Each structure stands twice: as structure tokens, then as C-alpha cells.
Amino acid sequence: MLGYILRRLVSVAFTFIAVSLIIFLMMHAVPGGPFDANDMPVSEAVRAKLMAQLGLDQPLYVQYLKYMWGVLHFDFGVPYQSPGESVLQLLSRAWVPSLVLGGLGVLIGAPLGILLGMAAALNRNSWIDYLASAVATIGLTIPVFVTSMLLILVFAVWLKWLPASGWPNPERWILPIIAYAAIPVATYARYTRSAMLDTMSRPFVTVLRAKGLSERRIVFQHVLRNSAIPLVTVFLPMFIGTATGSIFVEAMFRVPGLGAYFVSSIETRDYPLEMALMLMITFMYCIAYLLSDIVYALINPRIRVGGAE
Amino acid sequence: MHITRKLVAALAVATALTLPAMAQSTISAPGQSTSGTYMDYMKTVYDRATFAELLQVPIATFDKEFELTPMAAESWSQSEDGLTWTFKLREGLVWSDGEPLTAEDYVFALQRAATTGYDFAWYWDFAGGIKGWKEVTEGTADVSTLGLVAVDDLTIEVTTVAPKPYLPSVTSLWYPVPKHKVDELGDDWALNVDTIVSSGPFEIESWEKSNNAVVFTKSDTYTGPWQAQIDRLEVDPTLGAPEVGLPAFLAGDADYSFLNTGQVPVAMSADPDGIRRNAVFATSYLSYDLESEPFNNVDVRRAFYYAIDREELTSTVLRDIAIPAGSILPPGYPGYNPDVVAQATFDPEKAQQFLADAGYPNGEGFPEIEIWIREEGGYNGAIVPAMAQYLQAELGEHLGITVNIRQLPGADWMDGLRGATNNIFIAPYEYDYLDPSNFYGIFYNGGRHNYFVPEYDALVAEADSESDWDTRYALYAQAEQVMIDQGLIVPLVHPITTAIISSELGGEATEPNSLGFTPLDRLGHYFFTHLTK
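Each chain has its residues counted from 1, following the order in which its sequence is written. Chains carry letters and ligands carry numbers; both start at the beginning, A for chains and 1 for ligands, and go up in the order they are written. With the structure being a predicted model, the display of local features is reserved for residues of pLDDT at least 70 and the display and counting of side-chain atom pairs for 80 or more, all residues being used for whole-chain, interface and lining totals. Here the side-chain values reflect all heavy atoms present in the structure, with hydrogen atoms and water set aside.

- Chain A appears in an unreviewed UniProt entry as ABC transporter permease subunit from Devosia marina.
- The record in UniProt for chain A states the following under Subcellular location (unreviewed entry): "Cell membrane". UniProt positions are given in the numbering used here, feature names are shortened, and annotations may be inferred rather than shown by experiment.

## Observations regarding the sheet that holds strand E10 (residues 232–236) of chain B
Residue and element names in this part refer to chain B.
Next, step 1: On the basis of which strands lie adjacent, the open sheet formed by four strands has the order E1-E10-E9-E8 and mixed pairing. Since the sheet does not close on itself, it has two edges, and those belong to strand E1 (26–30) and strand E8 (202–208), each with one partner. Neighbour-to-neighbour, the strand axes of the sheet open up by a mean angle of 20°, direction not taken into account.
Next, step 2: Pairing geometry for strand E9 (residues 213–218) and E10, over four bridges, is antiparallel. Paired with Val215 across the strands is Glu234, a residue of E10. Whether two strands pair depends on DSSP finding at least two bridges between them. Helix numbers and strand numbers start at the N terminus; a helix is a DSSP run of H or I with at least 4 residues, a strand a run of E with at least 2. Comment: axis = line fitted to C-alpha atoms, over the contacting stretch for helices; angle = value between 0 and 180 degrees taken between N-to-C directions.

## Some points on helix H16 (residues 454–464) of chain B
All names here are of chain B.
Next, step 1: Relative accessibility thresholds used throughout: buried, under 20% of the residue-type maximum; exposed, over 50%; partly exposed, between the two (1.4 Å probe, protein chains only). Where H16 is concerned, the buried positions are Tyr456, Asp457, Leu459, Val460 and Ala463. Summarising the axial view, the buried residues of H16 lie within an arc of 165°, below the 170-degree limit, and thus occupy one face.
Next, step 2: What makes two residues a contact is simply this: any of their non-hydrogen atoms within 4.5 Å. Elements in contact with the buried residues of H16: helix H15 (436–440) and helix H17 (469–485). As used here, the arc is the angular range of directions from the helix axis to the C-beta atoms.

## Examining empty space enclosed by the protein
One water molecule sets the probe size; rolling that probe over the atoms shows where empty space is left.
All names here are of chain B.
Next, step 1: Method remark: on a 1 Å grid restricted to protein atoms, a set of points is classed as a cavity if a 1.4 Å probe fits but cannot get out and as a pocket if it is open with protein on both sides within 12 Å along at least five of seven lines; lining residues have an atom within 4 Å of a point. Grid points are joined across faces, edges and corners, and a volume is the space filled by probe spheres set on the points. Across all of its chains, the model carries one cavity of 30 Å³ or more by this definition.
Next, step 2: Taken as a whole, the largest cavity holds about 40 Å³ of empty space.
Next, step 3: Together, Tyr305, Glu480, Met483, Ile484, Ile489 and Pro491 line the largest cavity.
Next, step 4: Those elements that place two or more of their residues in the lining of the largest cavity are H17 and strand E18 (489–501).

## Considering the pattern of salt bridges
Residue and element names in this part refer to chain B.
Next, step 1: In the sections that follow, a salt bridge refers to a side-chain nitrogen of Lys or Arg positioned within 4 Å of a carboxyl oxygen of Asp or Glu. Applying the stated criterion to the full structure yields 22 salt bridges over all chains.
Next, step 2: Close ionic contact of Glu504 with Lys533 constitutes a salt bridge, the shortest N to O distance being 3.8 Å. Here Glu504, found in the loop between E18 and helix H18 (524–529), pairs with Lys533, found in the segment after H18; they are 29 residues apart in sequence, far enough to count as distant.
Next, step 3: Take Glu504: its relative accessible area is 52%, and that puts it in the exposed class.

## Examining the packing of aromatic side chains
Residues and elements named next belong to chain B.
Next, step 1: Aromatic contacts are taken between Phe, Tyr and Trp rings whose centres are within 6.5 Å, Trp giving its six-membered ring; a plane angle under 30 degrees counts as stacked, one over 60 as edge-to-face, and the others as tilted. Under the definition given, this model contains 50 aromatic pairs over all chains.
Next, step 2: When the centroid spacing of 5.4 Å and the interplanar angle of 50° are considered together, the rings of Phe51 and Phe528 count as tilted. With Phe51 in the loop between E1 and strand E2 (60–62) and Phe528 in helix H18, this pair connects stretches of sequence that are 477 residues apart.
Next, step 3: Of the residues examined, Phe51 reaches a relative accessible area of 6% and is grouped as buried.

## Topic: the interface of chain A and chain B
Next, step 1: On the side of chain B, 29 residues touch chain A, which itself brings 29 residues to the contact.
Next, step 2: By buried area we mean how much accessible surface two parts lose on assembly, using a 1.4 Å probe and totalling the loss over both. Summing both partners gives a buried area of about 2,200 Å² for chain A against chain B, and 60% of it is carried by carbon and sulfur.
Next, step 3: In this structure, the connection of chain A to chain B is made through two salt bridges.
Next, step 4: Here A:Arg254 makes a salt bridge to B:Asp236, at a shortest N to O gap of 2.4 Å.
Next, step 5: A 3.5 Å cut-off defines polar contacts: any pair of N or O atoms within that distance qualifies, except that in protein one atom must be a possible hydrogen donor and the other a possible acceptor, and neighbouring residues in sequence count only when both atoms are side-chain atoms. Between the two partners, chain A and chain B, sit five residue pairs in polar contact (both at pLDDT 80 or more).
Next, step 6: Looking at the side of chain A that touches chain B, the elements with two or more residues in it are helix H2 (44–53), helix H4 (87–122), helix H6 (144–158) and helix H10 (247–252) of chain A.

## Thoughts on the pairing of strand E17 (residues 424–430) of chain B
Residues and elements named next belong to chain B.
Next, step 1: The element E17 is extensively covered by neighbouring structure, given that six of its seven residues are classed as buried.
Next, step 2: Relative to E17, strand E13 (residues 282–288) is paired through seven bridges, and the arrangement is antiparallel. Bridge pairing in E17 links Ser287 to Phe425.
Next, step 3: Strand direction decides the pairing type here: strand E15 (residues 369–374) and E17, joined by two bridges, are parallel. Across the sheet, residue Ile371 finds its bridge partner in E17, namely Ile424.

## Thoughts on unusual backbone geometry
All names here are of chain B.
Next, step 1: Backbone torsion omega between Glu293 and Pro294 reads -10°, so that peptide bond is classified as cis.
Next, step 2: Summarising the element assignment, Pro294 is placed in the loop between E13 and helix H9 (298–306).
Next, step 3: The phi torsion at Ala420 lies on the positive side, around 55°, for a residue other than glycine.
Next, step 4: Residue placement: Ala420 occurs in the loop between helix H14 (410–419) and E17.
Next, step 5: Take Ala420: its relative accessible area is 37%, and that puts it in the partly exposed class.

Rendered as C-alpha cells:
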């Protein structure tokens, strides 16, 4: 197992390098640069001066190597759009609201979704099942900015129970968290339902019933555990999704999070920030899938990571 | 009795505690951009932090009637030859850290702008025409050659390359930079609330960089005109998108909000008295290739001028997003002339007559034409394509002309315009500086359209350097009369913005101007200092 983890970490390093190269090249292949205004461009002399100040006049490979050398020392540069701080400082402040929003969204949404999925699987073709399907379908198909708007309209504008948007106090977090949680609830309800139905149709469940085990023990000790694999597969990546912020939920509810930076860094050709964001996601996905693989092995002894042992 | 007395005492204490809080007036306003780099208008305009300009006092600025009002300057005068302007600053103006505000701070602001890649540098060449500006920004001349001198602490001299009678209005975008702070910290003084100093009616309290939200407070040190009448101004750019702003407004989180087209009826039914409209200083017009068939014939152009029902256009397809345009100048813009506007009528019979005079009775024999429009975002994205389709129907109905529409990317459209590879265009233009010379310059001596109309050019050239304002406006009106008589363009519409404001807001700034428009934060200095709550 340890050898497997080490091998995987090495492959993570290679993935990291490959992704950084691709992102870097794509970033610079996009036409335009940080000082190319559409209507009233600065003079050529001034543009050249500004480019030199940021080191953008150097050959691309020099720029890449310099940047990656910095990354090795946890120096991701200074964002063009916020020159008073480093990229790391920017990320660490903007990340907090995104983590609170996304983290609570998943932590509340996932268990709810699992419960709903279980209830649906155990009461197949009953009204609970239909309700769960409806919730899952609605949650997955209605865009989150529409859900957000409805929530604001109903709870803030009509009922006046909660503030419409903003982030200064926890009272204002409730609506965006609900909006955000809709996705994990829907996803988990669907996955849990189908995984459990699949497991319950297996012969070993019939055997357990024949042995006289209580339905509760069958469900919680056997079915749920055997259905957990697909749930783990979705969980960690979904958690990373939260860390990167939801652009729409954050915009609709005026959350000062990370989401908007994904767009603005590309729009403004903010190369250091764009690279840092992409590298961060890459790194987190690599680690998340590694952890998922390890958790698979822990919950299901039939899976042996790293080939035959 | 005892209980009552206790109650009264408790109430008195509670009232005493809440009174100071109630006396504080706070405005919650939408901002414009959710990201901003420097809190310094003279460092960057396009990437500046939210309302950076509110912190500093310009030389002069505009009120809601677009009358130029002296701010930091007390007075100004123009030399005999028209090339040099002398601005006298008010005494007693200070920075919020107590340092005196001097002519040097204004001169330094532009010297730094000319040498360090200011993204608004073009303005000081194009609108300001400051002597040496072009050479200094291109790096071929030294900054000392600029036509800018701080004669003493309260006197600034500006020299221009040609007489610029409107130079004082150009100074509405001239803010001081605290030289003493830049000497100490460089441009970084404008990155951190602790080191930012102000010279205008507001001070800064906080700046949330994640969304560029800023809290301003009334300045204790500002002694100039237009003091703030509110205590706090909270500006949040995330309220700037109407989709977010209106719900927040309806829930009581914002004091006003801009509206998108779909929201206007909702807002109208919520509070019709709260609706405010403003004309954007922009105009969409039809322009032609004057050299080639069929638009080389003035009667054809005159026919088009009378064939368009702007009232119907702006009350149907462009309802709530545009108003009729009868002049290249939008309403409220300096030099706007109602006599010019009144001529732009819809008169299908006259139009048909002109077309018949041109040799195309009922459109017979008129070639099929293709109107070229530019791919647009922003307000033009909603206006231009819809308007093109309307024109297509109108010209077919009233003149019997077959019109096609072709949409092109900006660069291709511009090539078509300048290279005359097509003969008719819808062209939108938004002002760059507040003077008629800006709009009339579009058609001057080639300009944007390769128009060379000697009679027009002579009038515009004369007006551009005329120092007497009545004469000047009269000359521009004559120039526009040439445009009308020769059918150089057909003014179509001006875009408008619509907003809803809370009934709690008061003050002059919330009342429409004499033309019925309320510019709101388009005139930040005026708006936020003439607002009460």
C-alpha cells in the first residue's frame, strides 16, 4: 500500500508538470495580453515598458521556468489585478467564504441526499421514491442561478424572513448555502438510490434475509457499506468543487469568494493568478483521487490497490 | 406607578442609545466593477478601485444640468492667444493627513500619468491637447517639456497645442495625486486603506478587495464646495448587476438599483415614483459611403432621413432601452440644440418625394442594399440588431426598398466603414469627453467615416477654437444643419439606463434635471454630495 501511494505521488508530480505546461501554453496562446485595451490602447512605448516590468518581454520558456521555480518555493507571484498582495494572500482571503459556503453546502447536502436516496431505495415506487426522484431531477436540471433567484424572491423579497444577499453575518449565509446544497442533495439522492437498489438485488442480500437478519442490520451493515463505493467516487471531487467556489451562487448572493477570480483572471490575462488557480485545482484533484482510491480499499477489501498482492 | 417609571427610564436610555445611531445616514449603493487595482484615478481609470475619484477633488466638475462648476479651482482664465490657461486653486484645501493640497499635486498627477503608462493617457492628448503630451508619452521628449507648470502653490498653467476653449471641462477628470505619499511609498500608497489619503468630500474607511466593495465616510478635512450630506456611503459592485441589485433593493439591502429591460415593468409596479431614467451620452446613427451609388445622391439620403419613425421604434422594439435621436448630440450634452432635433421628423410622404426626385419613384430601380452592423455587447447589443430589423421593415414599407442586414466583427465592420467596401452602416458612438467637438469630430476632415465635406469642416474648425460659447454653439448648430441638409447621417436613437431609487433618498441629486433625466452615479461628485437620507 505504501509503495502504491509513493508511486501515485510520483505520478501526481508528473501530472502537475504536464498540466502546468499545457495551461501555460494555452494561456499565452489566447490572443491579447494584459495591456491590450480594445478601444483606447496605450502607446507602443508605454506598453513595452509595462510588459518589461512584469517580465512578459522574456521568451516564454524563461517565463515558464521562472514561474515554476517560484511555485516550488510557494511563490505564485503577484496578481496583476490586485498588486498590493501576493497570489497566496489573495487566495487565502478569497478562499474563506468559498470554503464556508461550499463546505457547509456539501456537509449539509450530502447526508441529506444520502438519507433521501436511502428512503427512496427502501420504499421503491412509493411516494417517497417519486419525491426523491423529483428533488434529484429538479436539483440537477434547474440551473443554480434560477434556484438562487427563486430563493431570494420567496424568502427575502416576499416573506422577508432572510436577507437577500451579502456576506457580513451568518444570517446571510443561509440562503446561499441552501442554494449550493441543492446540487449535493440531488447528486447523492440519485447515486445512493441506484447504488442501494443495485446492492439489494444481489444474491448475498437474499442469503442474509434467509439467515433471518433484521432488515435494519441488512441495510446498515451490509447494503450501505457495499453501496458506498460510488458515493466515495463522487464525494471528494465534489468537495473540491466547493473549494473552487461556485461562480453563480457567489455572484447571485454577493459572496466575496474565489469564484469570480476564475473568470476575471482569464478575462484580464492575469497570468500569475490564472496559473495559480489552475495548479491549485490540479493538485487538489490529484490528491482527491488518490485519497478516493485509498478509501476504496479500506471500505471494500475486494479492491486491492496497486495490482495483485 | 413604579413600573411605569422604570419603563419610562428604560425607554429614555434606549432612545439615548439609539439616537446617535439613527443620526448616522448611510447609503448603500451599487458599484461598477468587482475588481480594482489602485485607489487612484490618475494611476488607472479602467482598473481603478471602486469610485476612487470620489476621494479626490477635481479642478472642476459637472452638476446634473451639465454646467461646469469650479471645485479645487476658484477661477480660470485663458491667454490672449488662446493657448495658455491659468487655474487658480482655492486656499485652505488639505489632504486628509493634514498636508496642504497644492498645484504641485495636480501637475505631478499628469506628469506621472504621461510617463508611467496611464491607461487614460489618450484623453489628455485627444481631448486636452496638452503641449508635448504625445511626445512625452511616446518617450521621445522629457517630462519637463510638458505644457504644465505649477507657478506657485495655488496657480497652475496649462499650455495646449491649439486653442481649446473647452479645456476647463476637460479638467473634470483631473484629480490630484498626493506627491508626498508617492515620494514615500511609490504608487503603493493607493493599495491600502491605511496609507490612502483623500482631498475630496469623502474619506475611505474600508476596501474589500475580493469584490471591490468600499465604504466611504464624510470627510472632516475637506473645505471646498459640495460637502457630503450623508455620513457613510457603502458601495458594493456586486449590486451593480441588475439581476442581483433589484432583489437586494426590494429586500431593503440597497438604496437604488439599475434595471435591465425585463425588470422595468416590475419596478414600475413596485414604485412608479422611484423610477429614474438617464440618457447615455451615446448615439446610434446611419452613415453612408458618400461617394458611391446610390448614396452619392443627396436626395436618397434625405429620403432615408424622413423615412424612420423613431417614436414607434423606441416605444416598441426598443422600449425602455432607447429614446429617439434627432441630433448627433444626446440630450443634456453641451451644445444640445432642440431646433436641430425638431427637424428629425417622420414624414413618409416627404421621404417618398425625395426618393422620387432621386429617380426611384416608389423605390423602383433602387438597388438592394445591405446594412452593416457591428457585433455588440453591452447596451448596444440589445439595441443595434433589433433596430436593424426594424429599419429593414420600415424602409421596405415606406420606400419600397429591399434591405438586408449583415453583422460583422468590430474590426471587419470598421474596415468596411473606412475602406468603403459597403455603402450603408449603423454606427454607434459613445462620447469620450464632454464637449461638442467630440461628436462633431467624428465627421471632421475624414474622421471616422472618410467624410470630406468642406462646408462642414470649415464650420467645425472655426467652432473648435472659438472662445465665445454662444458663438461656438451656434457654429456647431450650423455644422449640424449642413449634416441635415446634405443628409450625411440619420440620427436614430440614444440609449438610456433606468434605475429605481428608494423613497428614503432625498436631496437635489434624486430629482430629474430640466430634460427629465437623472444621471445618478454617472456624475459621482455631484450625485453623492447632493444626496440625503
